Amino acid sequence: MAILRSRGLAIRYVCAGTCDAGSLGYRDEIVAMAGKLGDVEVVEGADDAGIERLFREADLVVQPSKAEGLGLLAIEALHAGIPVVATPTSGAIDVLGDYPLLLASGFTPSDIADSVQSALEQPARYAEITVQATAYVRRRFDPLVAARRLLDLYAGLAGRKA
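About the thresholds
- Residues numbered from 1 in each chain as written.
- Predicted model: local features only at pLDDT ≥ 70, side-chain atom pairs only at ≥ 80, totals over all residues.
- Heavy atoms only, no water.
- Helix = DSSP H or I, 4+ residues; strand = E, 2+ residues; numbered from the N terminus.
- Buried < 20%, exposed > 50% of the residue type's maximum accessible area, 1.4 Å probe, protein only.
- Contact = heavy atoms within 4.5 Å.
- Areas by Shrake-Rupley, 256 points an atom, 1.4 Å probe, with all protein chains shown as cover.
- Lys, Arg positive; Asp, Glu negative; His and termini not counted.
- Charge placed at Lys NZ, Arg CZ, Asp CG, Glu CD.
- Phe/Tyr/Trp six-rings, centres within 6.5 Å; stacked < 30°, edge-to-face > 60°.
- Salt bridge = Lys/Arg side-chain N within 4 Å of Asp/Glu carboxyl O.
- Core = buried A, V, L, I, M, F, W, Y, C linked by side-chain atoms within 4.5 Å.
- Expected span 1.5 Å × (residues − 1).
- Patch = residues over 30% accessible without salt bridge, like charges linked within 9 Å, V, L, I, M, F, W, Y side chains within 5 Å.

Peer 1: Would you take a moment to explain the overall build of the protein for this structure?
Peer 2: When its secondary structure is counted, the protein shows eight helices and four strands. Order of helices (α) and strands (β) in the protein, N terminus to C terminus: α-β-α-β-α-β-α-β-α-α-α-α. Along the first, second and third principal axes, the C-alpha set of the protein runs to 65 × 40 × 30 Å. The buried share among the 162 residues of the protein stands at 32%. Partitioning the intrachain contacts of the protein with sequence separation of at least 6 by distance along the chain shows that 52% fall at a separation of at least 24. Looking at the protein as shown, the accessible area adds up to about 9,900 Å², and 58% of this sits on carbon and sulfur atoms. Put simply, the protein has 16 plus and 21 minus side-chain charges, and the middle of one group is 5 Å from the middle of the other.

Structure below.
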């Protein structure tokens, strides 16, 4: 954030999510860091309507993880049609691998800032890629599609055992 600020970009930052009991120390660290920065809104415990509101208000969703089993935030953002910048974790690559422009070049603050700045300065380019990535995410990760694939898999396995 400081890097983007030093580049003259005025950005509203929102940090949203929930923490389980094992992550409370991490949560406290984030809240303390946000307090030092002074221009970060921390949203905790948002319900579905609150998350939808945050997505509607967002120009970009950033997923700066060091490890991500599945890029669920990226899936949710793209499902809502919001451009994403994510660090290249295995989960993000699974979701965004066909759309490398949406992946930061690395994990450093500069890598992430470069990608965020690129997305904000080239909205038409990112919008076009977001449309493509959104269609991909809806085909691959839609809950009804996933459920149908799982049922088909189980039916196939049951048929082979008979």
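Peer 1: Would you mind showing me how to read the packing of aromatic side chains here?
Peer 2: Per the stated rule, a full pass over the model turns up two aromatic pairs. An angle of 55 degrees between the planes, with centres 5.9 Å apart, marks the rings of Y99 and Y136 as tilted. With Y99 in the loop between α5 (90-96) and α6 (109-121) and Y136 in helix α7 (residues 123-141), the pair connects residues that are 37 residues apart, well separated along the chain. Of the residues examined, Y136 reaches a relative accessible area of 15% and is grouped as buried. Between Y136 and F141 the ring centres are 6.4 Å apart and the planes differ by 85 degrees, which places this aromatic pair in the edge-to-face class. The two residues Y136 and F141 agree in class, both being buried.

Peer 1: Looking at this structure, I do not really get the pattern of salt bridges. What am I missing?
Peer 2: Oppositely charged side chains can pair when the atoms bearing their charge come close. Applying the stated criterion across every chain yields a total of five salt bridges. R148 serves as the salt-bridge partner of D152, at 3.1 Å between the closest nitrogen and oxygen. Here D152 and its partner R148 are both found in helix α8 (residues 143-161), four residues apart, which amounts to about one turn of the helix. Overall, the relative accessible area of 48% leaves R148 in the partly exposed class. Where salt bridges share partners, they join R12, E41, R53 and E57 into one cluster.

Peer 1: Where do I start with the environment of I3 in this structure?
Peer 2: Along the chain, I3 falls in helix α1 (residues 2-6). Contact partners of I3, with chain neighbours within four places excluded, come to P109, S110 and A113.

Peer 1: Could you clarify how one ought to interpret the nonpolar core in this entry?
Peer 2: Generally speaking, nonpolar side chains in soluble globular proteins are found buried as a group. Of all hydrophobic cores here, the largest spans 34 residues; its most connected members are V84, V95, L96, L102 and V137. Of all the secondary-structure elements, those providing two or more residues to this core are α4 (72-79), β4 (84-86), α5, α6 and α7. If you tally residues by element for this core, the top one is α7, at six residues. Beyond its immediate chain neighbours, meaning those up to four positions away, V137 contacts I75, L78, H79, V95 and D142.

Peer 1: Help me out: how do you make sense of α6 in this one?
Peer 2: Since the α-helix turns once every 3.6 residues, residues separated by three or four places project in the same direction. Between the first and last C-alpha of α6 there are 18 Å, a value that for 13 residues agrees with the 18 Å anticipated at 1.5 Å per step. Within the span of α6, buried status applies to D111, I112, A113, S115, V116, Q117, S118 and A119. In this structure, the buried residues of α6 make contact with α1, β3 (61-63), β4 and α7.

Peer 1: Would you explain a negative patch on the surface in this entry?
Peer 2: Residues D47, D48, E52 and E76 make up a contiguous surface patch of negative charge. Following the sequence through the fold, D47 ends up in the loop between β2 (40-44) and α3 (48-57).

Peer 1: What exactly am I supposed to notice about α4 here?
Peer 2: Along α4, the positions that sit buried rather than exposed are A74, I75, A77 and L78. The inward-facing, buried residues of α4 contact α3, β3, β4, α5 and α7. Phi for G81, located one or two positions after α4, is positive at around 80 degrees.

Geometric descriptors of this kind do not, in isolation, establish any biological role.
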